[in-house]
Amino acid sequence: EAGVAQSPRYKIIEKRQSVAFWCNPISGHATLYWYQQILGQGPKLLIQFQNNGVVDDSQLPKDRFSAERLKGVDSTLKIQPAKLEDSAVYLCASSEGGGAFYTFGSGTRLTVV
Amino acid sequence: DAKTTQPTSMDCAEGRAANLPCNHSTISGNEYVYWYRQIHSQGPQYIIHGLKNNETNEMASLIITEDRKSSTLILPHATLRDTAVYYCIVRDSWGKLQFGAGTQVVVTP
């Protein structure tokens, strides 16, 4: 079975620019998660989707971050404008229903300079 | 959500068993213990989970104390490829996975 696909793998932008990340979950997985992982820390949940609806976005900095999953399959996470502290790896994960057997992608490493 | 406490790091000799402790003293009756690991430059990978009983799969064994306030992940024969950050997570039946800092395990030849 194909894994969770994420792109790009790396991205370097200047502060105040915008950036978008893409995620394609495992086929049939209804639940999709975006995590932010700052160097040396564990992943922090940003947002959870169930099909195309948002279940939890309580830790998403909504003044600059947005995410969508329009057709209930792939998803995009956007940052606009980026700050230096947004430098991190952005991980996408998916699971069947709301189960805790998450499959993670390899992530997108963002560097804001 | 119950919080977990893990050592920051530990070393293990290749071929020996690695015993990774985790304290979760505030765990409640319906909360599961999950273990994930993260190899450098990869996303976290599921290892094992349990509620009350000890569990074993092809990757590891999970020993949960009778009072459920702590658990130990056992990698029976550590290899160099087991070098990773190991996360112990307590999750209720409706909750999401909230990761802490984990334990950096280094397996040495």
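Criteria and cut-off values
- Residues numbered from 1 in each chain as written.
- Chains lettered and ligands numbered in written order.
- Predicted model: local features only at pLDDT ≥ 70, side-chain atom pairs only at ≥ 80, totals over all residues.
- Heavy atoms only, no water.
- Helix = DSSP H or I, 4+ residues; strand = E, 2+ residues; numbered from the N terminus.
- Rg over C-alpha atoms; globule rule 2.2 N^0.38 Å.
- Buried < 20%, exposed > 50% of the residue type's maximum accessible area, 1.4 Å probe, protein only.
- Contact = heavy atoms within 4.5 Å.
- Areas by Shrake-Rupley, 256 points an atom, 1.4 Å probe, with all protein chains shown as cover.
- Lys, Arg positive; Asp, Glu negative; His and termini not counted.
- Charge placed at Lys NZ, Arg CZ, Asp CG, Glu CD.
- Buried area = accessible area lost by both parts, 1.4 Å probe.
- Salt bridge = Lys/Arg side-chain N within 4 Å of Asp/Glu carboxyl O.
- Polar contact = N/O pair within 3.5 Å; in protein donor to acceptor, adjacent residues only side chain to side chain.
- Nonpolar A, V, L, I, M, F, W, Y, C, P; charged D, E, K, R; others polar.
- Pairing = 2+ DSSP bridges.
- Axes fitted to C-alpha atoms, helices over the stretch in contact; angles between N-to-C directions.
- Disulfide = S-S within 2.5 Å.

Asker: Can you help me understand the overall build of chain A in this one?
Answerer: Across its full length, chain A holds zero helices and 11 strands. In chain A, the succession of α and β elements from N to C terminus is β-β-β-β-β-β-β-β-β-β-β. The C-alpha radius of gyration of chain A comes to 13 Å, within 12% of the 13 Å expected for a compact globule of 113 residues. Its C-alpha atoms give chain A principal-axis dimensions of roughly 35 × 25 × 25 Å. Burial status across chain A gives 45% buried among its 113 residues. Long-range contacts, defined as pairs at least 24 residues apart, comprise 52% of the intrachain contacts of chain A with a sequence gap of at least 6. For chain A, the accessible area works out to roughly 5600 Å², and carbon and sulfur atoms hold 49% of it. Each charge class in chain A was averaged separately, 12 positive and 10 negative side chains, and the resulting centres sit 7 Å apart.

Asker: Which parts of the structure should I look at to understand the interface of chain B and chain A?
Answerer: Many analyses report the size of an interface as the accessible area lost when the parts associate. Taken together, the 16 residues of chain B in the interface contact 20 residues of chain A. Buried surface at the junction of chain B and chain A, summed over both partners, amounts to about 1400 Å²; 52% is from carbon and sulfur atoms. The largest share of the area that chain B buries against chain A comes from Pro44(B), Lys96(B) and Phe99(B), three residues that together contribute 33% of it. On the surface where chain B and chain A come into contact, there are one salt bridge. In this structure, Lys96(B) and Asp56(A) form a salt bridge, with 3.4 Å as the shortest nitrogen-oxygen distance. Run the count over chain B and chain A and you get seven residue pairs in polar contact (both at pLDDT 80 or more). Elements with a contribution of two residues or more to the side of chain B that touches chain A: β3 (32–38), β4 (45–50) and β8 (84–91) of chain B. It is β3(B) that provides the largest number of residues to the side of chain B that touches chain A, a total of three residues. Per-class residue counts for the side of chain B that touches chain A are eight nonpolar, six polar and two charged.

Asker: Would you mind showing me how to read the side chain of His29(A) here?
Answerer: Residues and elements named next belong to chain A. Take His29: it is sitting in the loop between β3 (19–24) and β4 (31–37). In this structure His29 comes out as buried when scored by relative accessible area, which is 10%. With residues up to four places along the chain from it excluded, the contact list for His29 reads Arg69, Ser94, Ser95, Glu96 and Thr103.

Asker: How should I be thinking about the sheet that holds strand β1 (residues 9–13) of chain B in this particular structure?
Answerer: Across a sheet, strands are paired by hydrogen bonds formed along the backbone, either parallel or antiparallel in direction. Residues and elements named next belong to chain B. Sheet architecture is open: five strands sit in the order β1-β9-β8-β3-β4, paired in mixed fashion. The sheet is open, and its two borders are formed by β1 and β4, each paired with just one other strand. The mean inter-strand angle of the sheet, taken between neighbouring strand axes irrespective of direction, is 25°. In this sheet, strand β9 (residues 103–108) lies alongside β1 in parallel orientation, the contact comprising five bridges. Looking at the pairing, Met10 lines up with Val105 of β9.

Asker: Just checking my understanding: could you explain the state of the cysteines for this structure?
Answerer: Covalent bonding between the sulfur atoms of two cysteines defines a disulfide. Across all of its chains, the model carries two disulfides over all chains by this definition. Paired through a disulfide, Cys23(A) and Cys92(A) show a sulfur-sulfur distance of 1.9 Å. Because the sign of the S-S torsion sets the handedness, a value of about -65° for the bond joining Cys23(A) and Cys92(A) places this disulfide among the left-handed ones. Linking Cys23(A) in strand β3 with Cys92(A) in strand β9 (residues 88–95), this pair joins segments that are 69 residues apart in sequence. According to the relative accessible area criterion, Cys92(A) is buried, its value standing at 0%. Cys12(B) forms no disulfide, and the closest cysteine sulfur to it belongs to Cys22(B), at a distance of 18 Å.

Asker: How should I be thinking about the sheet that holds strand β7 (residues 65–68) of chain A in this particular structure?
Answerer: Residues and elements named next belong to chain A. Read across the sheet, four strands follow the order β1-β3-β8-β7 without closing on themselves; strand pairing throughout is antiparallel. At either end of the open sheet lies a strand with only one pairing partner, and these are β1 (5–7) and β7. Ignoring which end each strand starts from, the neighbouring axes of this sheet average 15° apart. For β7 and strand β8 (residues 75–79), the ladder comprises four bridges, and the chain directions are antiparallel.

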